[in-house]
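Spelled out, the chains give:
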Amino acid sequence: MVEAITPQIVAEFMTRMHLDDEEDGNLERILKASYSDLRRICGDYEITDEVFKELVFERSRYAYNDALEYFYTNFLTQLNNLNISKALEGEPDETE
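Since this is a predicted model, take the numbers as computed values, not measurements.

Chemist: Can you walk me through the overall build of the chain in this structure?
Modeler: Scanning the chain for helices and strands turns up 5 helices and 0 strands. Overall, the C-alpha framework of the chain stretches about 55 × 30 × 20 Å when taken along its three principal axes. Counting every position in the chain, which comprises 96 residues, the buried fraction comes to 34%. Here the contacts in the chain between residues at least 6 apart in sequence split such that 54% fall between residues at least 24 apart. Accessible surface for the chain amounts to roughly 6400 Å². Of this, 50% is attributable to carbon and sulfur atoms.

Chemist: It is not clear to me how the side chain of Ser34 should be interpreted in this structure. Could you clarify?
Modeler: Within the fold, Ser34 resides in helix 2 (residues 24-42). For Ser34, the side chain forms a polar contact with the side chain of Arg59, separated by 2.9 Å.

Chemist: Even after reading the chapter, I still don't get the pattern of salt bridges, so can you show me in this structure?
Modeler: A side chain with one charge can pair with a side chain of the opposite charge if their charged atoms come near. Counted according to the given criterion, the structure contains 11 salt bridges. Between Glu54 and Arg16 there is a salt bridge, and its shortest N-O distance comes to 2.9 Å. In this pair, Glu54 is assigned in helix 3 (residues 50-64) and Arg16 in helix 1 (residues 7-17), connecting sequence segments 38 residues apart. A salt bridge links Arg39 to Asp44, with the shortest nitrogen-to-oxygen separation between them at 3.3 Å.

Chemist: Help me understand the side chain of Ser60, please; the structure alone is not making it clear to me.
Modeler: With respect to the helices and strands, Ser60 occurs in helix 3. A polar side-chain atom of Ser60 sits 3.0 Å from a polar atom in the side chain of Ser34. For Ser60, the residues in contact, after removing those within four places along its chain, are Phe13, Ile30, Leu31 and Ser34.

Chemist: Whenever I open this one, a negative patch on the surface confuses me. Can you help?
Modeler: Together, Asp20, Asp21, Glu22 and Asp24 make up a negatively charged patch on the protein surface. Among the secondary structure elements, Asp20 is positioned in the loop between helix 1 and helix 2.

Calculation criteria
- Residues numbered from 1 in each chain as written.
- Predicted model: local features only at pLDDT ≥ 70, side-chain atom pairs only at ≥ 80, totals over all residues.
- Heavy atoms only, no water.
- Helix = DSSP H or I, 4+ residues; strand = E, 2+ residues; numbered from the N terminus.
- Buried < 20%, exposed > 50% of the residue type's maximum accessible area, 1.4 Å probe, protein only.
- Contact = heavy atoms within 4.5 Å.
- Areas by Shrake-Rupley, 256 points an atom, 1.4 Å probe, with all protein chains shown as cover.
- Polar contact = N/O pair within 3.5 Å; in protein donor to acceptor, adjacent residues only side chain to side chain.
- Salt bridge = Lys/Arg side-chain N within 4 Å of Asp/Glu carboxyl O.
- Patch = residues over 30% accessible without salt bridge, like charges linked within 9 Å, V, L, I, M, F, W, Y side chains within 5 Å.
- Lys, Arg positive; Asp, Glu negative; His and termini not counted.
- Charge placed at Lys NZ, Arg CZ, Asp CG, Glu CD.

Okay, here's the thing in structure tokens:
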């Protein structure tokens, strides 16, 4: 399995959060936890999916700022939308 949270993903998140290199180990741990948790909730998305990556970054931002308990409420619609989209991928098309 290819490592999903690469140094490039960590660097992209650090740039977005305006952080320096001193925290990259902690940020990698936070990003990996966010990625794993959101795959469990939303389905087998990859970090290359921009909508999923945005949620991974947002959950990581909340975790970094010690506000993770607010993430799930604030992003419930996006979480549900990804979950439903993944569930519908295997559904047969009714027009056939």
